[in-house]
Amino acid sequence: LKMSWFWFYLPLHLLTAACLCHSIQAPTTGSQHSFKSDLFNFYHSLILADGKETTIHLLKDIPKRYYFVLEEGRALAPFTITVTPCDVPIEWSILVHKAPASFLGKAVQGGRDTQEVSNSQKATSMVSTIFNYKGNSVETYVGMSSHSALYMLEFLSTERDTHITVYLTTDTTSGHLYPELPLDPRIDVIGIGHTTVTLTWKHSPSVLQHREGIQYCLLVNEKHNYKSLCAAETAIRSSGMKLPPSLGLSLSPYLLEPQQVMILSNSELSIINKVSSGEVRQICMGTKNIYTVPNLSPSTQYYFDVFVVNLLTNASAAYTGTFARTLEEPEPKIVEMKDGKVIQVVLDGKKQKFYSLQYQARHRKVQFAFQLCRGQVRVHITKNGKTLASENILGMRYLSLKGKLLDTYLVQLRSTEESNSSVKVQVSSHFQKPLFPLLPESLKIKSFSKLRSCNSVTIAWLGTQEQSKYCVYKKRIEEEQVWMELRSTDRCSGPESRHKSEKVLCKYFYDINLQRAVTTETIKGLDAGTLYLFDVYLIGPSGIPVRYHSKVVKTRKNC
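Just so it is clear, the model here is predicted, and its values are computed rather than measured.

Chemist: Run through the overall build of the chain, naming residues and quoting values.
Modeler: The helix and strand tally for the chain stands at six helices and 37 strands. Partitioning the contacts of the chain with sequence separation of at least 6, the portion at a separation of at least 24 is 74%. Put simply, the chain shows about 29,500 Å² of open surface, and 53% of that area lies on carbon and sulfur atoms.

Listed below in structure tokens is the structure:
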């Protein structure tokens with residue numbers, strides 16, 4: 001690192017003079033006091049604070065210098081300097097003025113790219129470099145001086161503008177700002193699955209001593225490992241994500257951005273950041289030192305970093321990161337369908353992959369029945385490589401196909417939205433009675449505005465030519481709940497999923513004349529000016545229920 005000695009000596013003489021003035025015990029005159037005050041104000045921003053973590057912003061190719069003084073009168077005065085790069089590699093050095101031959105120093109904590117440590121200086125040298133480092137690892141220098149000395153720290157970024165944190169302390173008796181790492185700070189991978197990776201690491205001594213204020217936080221991403229929490233947060237911000245100052249304290253619901261998802265489960269708090277390079281997960285699991293990361297993608301390489309975080313000071317220390325590749329996803333299984341048997345399939349919206357069913361016909365005519373339970377589903381049916389049907393399922397759908405005996409039909413299903421979808425499927429020969437009930441032309445429920453009062457609502461729905469059972473249920477809801485209630489409804493669930501207090505009535509009816517196959521019902525005993533959700537369930541001879549489309553009606557406020 002090229003140094004400009006002029007920039008050391010110019011403040012050096014002034015700071016030395018200030019130190020000498022400070023050590024004079026005689027009463028100060030007004031002129032002496034003014035000199036010291038001016039000097040202090042001029043160089044206040046250059047003096048590194050003792051016992052406090054300082055954030056320093058560096059401009060590309062412009063060195064920045066800070067100073068600190070070890071006071072006289074302390075035998076073998078110790079000091080510690082920890083520098084944390086928050087982005088790109090930097091260069092930094094420690095220089096000392098009139099360092100005595102008895103000066104002792106050493107660098108601790110591994111992971112360095114290059115380093116030079118000099119424990120002896122020439123007697124004729126006024127200024128000497130005692131430590132020099134280049135890299136992006138967190139580096140700590142521990143030194144000890146036998147008498148007062150003036151030190152300078154110089155920092156330089158040659159890649160781009162960046163920021164770092166620097167912590168200087170001369171008090172080694174009051175504990176550590178940063179949590180301690182174990183002697184072996186590696187993360188071990190002890191289990192790998194298709195969508196999970198299990199990690200373990202040795203306990204931090206700080207966790208064992210101060211279990212209340214210390215916790216472990218795990219960072220998972222698909223890009224690379226991070227050597228500090230500061231570097232991880234900088235990378236997430238550079239991807240367009242706004243983050244709070246510290247991961248340890250960022251897991252708060254009111255701090256979440258629109259691109260973040262918070263998950264609280266079994267006292268573990270997770271935040272998923274949606275960034276351009278994929279997901280970055282932050283998981284804080286308290287003081288547990290073994291964790292299984294769930295919901296990963298198959299055949300994908302992930303990088304894992306564990307940080308031990310002091311919740312009181314926001315300071316953190318990084319374990320040595322690791323990486324692992326999840327197992328390849330097995331070939332999708334083709335499920336054999338049996339005549340008349342209903343299969344319910346749950347489809348993963350994120351993967352957008354087909355779920356395959358296969359059926360070998362026992363008759364020339366077959367009928368497929370699909371009942372959409374949740375979400376949106378697309379069905380694709382082929383026979384001998386030829387497409388017979390390809391469409392989105394809406395509510396109930398029957399598809400009758402004609403072929404040869406022992407023809408093999410392949411049914412492929414997939415979700416057409418990011419959330420999970422669900423569908424029930426049944427296949428039977430055309431001559432058998434379908435398991436699903438006969439459906440009316442429409443599954444809509446109609447309400448009559450003119451028949452609506454403060455405490456009653458009249459609804460109507462279509463029936464069929466087949467004797468069936470119809471059950472009506474009501475549920476009181478708030479306006480802000482309507483969208484979510486309609487969105488999350490499982491349309492395949494039957495009356496057994498409802499609370500008994502929501503049941504209004506059950507009745508049987510049918511009509512040979514479809515024009516007259518309609519029924520009405522007036523629900524009484526309602527509250528004025530209140531929203532209600534009404535559901536009608538059609539239950540055929542087989543007992544399989546079909547749910548009509550839910551209807552939201554508000555009673556009149558004034559009558």
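Chemist: Quick rundown of the sheet that holds strand E34 (residues 518-524)? Include the residues and the values.
Modeler: Taken in spatial order, the three strands line up as E30-E31-E34 in an open sheet, and their pairing is antiparallel. With partners counted over all chains shown, the strands left at the sheet margins are strand E30 (446-447) and E34, one partner each. Strand direction decides the pairing type here: strand E31 (residues 456-462) and E34, joined by seven bridges, are antiparallel. In the strand pairing of E34, alanine 460 is matched with threonine 520.

Chemist: I'd love a proper account of the environment of tyrosine 470, names of residues and values included.
Modeler: Structurally, tyrosine 470 is set in strand E32 (residues 468-476). Once the C-alpha coordinates of tyrosine 470 and proline 545 are considered, the two residues, 75 residues apart in sequence, prove to be 9.4 Å apart. Ignoring any residue separated from it by four or fewer positions in sequence, one finds tyrosine 470 in contact with Trp461, Leu462, Gly463, Thr464, Leu505, Cys506, Lys507, Phe509, Val536, Tyr537, Leu538 and Tyr548.

Chemist: An account of the sheet that holds strand E12 (residues 197-201) is requested, with residue identities and associated values reported.
Modeler: Here we have three strands laid out as an open sheet, ordered E11-E12-E17, and antiparallel in their pairing. A strand with exactly one partner marks an edge of an open sheet, and here the two such strands are strand E11 (187-192) and strand E17 (290-293). Across the sheet, the mean angle separating the axes of adjacent strands is 25° when strand polarity is ignored. Bridge count between E11 and E12: five bridges; the pairing is antiparallel. Residue pairing for E12: isoleucine 187 is matched across the bridge by tryptophan 201.

Chemist: Describe the pairing of strand E26 (residues 386-393), and please don't skip the residues or the numbers.
Modeler: The sheet contact formed by strand E25 (residues 377-383) and E26 spans seven bridges and is antiparallel. Residue valine 377 lies in a different strand from E26, and its bridge partner there is isoleucine 393. What sits between the antiparallel neighbours E25 and E26 is a turn of two residues, in which asparagine 384 has the positive phi angle 55°.

Chemist: I'd like to hear about the pattern of salt bridges, residue by residue, with values.
Modeler: Pairs may arise between side chains of opposite charge once their charged atoms sit close together. For the coordinates displayed, the defined rule picks out 14 salt bridges. Glutamate 502 is the salt-bridge partner of arginine 498, the closest N and O atoms lying 2.7 Å from each other. By the burial criterion, arginine 498 is buried, and glutamate 502 matches it. A salt bridge links aspartate 511 to arginine 516, with the shortest nitrogen-to-oxygen separation between them at 3.7 Å. Under the relative-accessibility criterion, aspartate 511 is labelled buried at 19%.

Chemist: Please provide a residue-by-residue account of the packing of aromatic side chains, values included.
Modeler: Tallying each qualifying case throughout the model produces 20 aromatic pairs. Look at phenylalanine 79 and tyrosine 151: their rings are 5.2 Å apart centre to centre, the planes differ by 50°, and that puts the pair in the tilted class. Remark: tyrosine 151 occurs in strand E9 (residues 149-156) and phenylalanine 79 occurs in strand E3 (residues 77-85); sequence separation between them is 72 residues.

Chemist: Explain the state of the cysteines residue by residue, including any values.
Modeler: For the structure shown, the criterion picks out five disulfides. Across the disulfide, cysteine 86 is cross-linked to cysteine 230 (sulfur-sulfur distance 1.6 Å). Looking down the S-S bond of the cysteine 86 and cysteine 230 bridge, the torsion is 105°, so its handedness is right-handed. With a gap of 144 residues between them, cysteine 86 in the loop between E3 and strand E4 (90-97) and cysteine 230 in helix H4 (residues 229-238) connect regions that are remote in the sequence. Cysteine pairing for the chain, with bonded cysteines counted in sequence order: 1-3, 2-4, 5-8, 6-10, 7-9.

Conventions used here
- Residues numbered from 1 in each chain as written.
- Predicted model: local features only at pLDDT ≥ 70, side-chain atom pairs only at ≥ 80, totals over all residues.
- Heavy atoms only, no water.
- Helix = DSSP H or I, 4+ residues; strand = E, 2+ residues; numbered from the N terminus.
- Contact = heavy atoms within 4.5 Å.
- Areas by Shrake-Rupley, 256 points an atom, 1.4 Å probe, with all protein chains shown as cover.
- Pairing = 2+ DSSP bridges.
- Axes fitted to C-alpha atoms, helices over the stretch in contact; angles between N-to-C directions.
- Salt bridge = Lys/Arg side-chain N within 4 Å of Asp/Glu carboxyl O.
- Buried < 20%, exposed > 50% of the residue type's maximum accessible area, 1.4 Å probe, protein only.
- Phe/Tyr/Trp six-rings, centres within 6.5 Å; stacked < 30°, edge-to-face > 60°.
- Disulfide = S-S within 2.5 Å.

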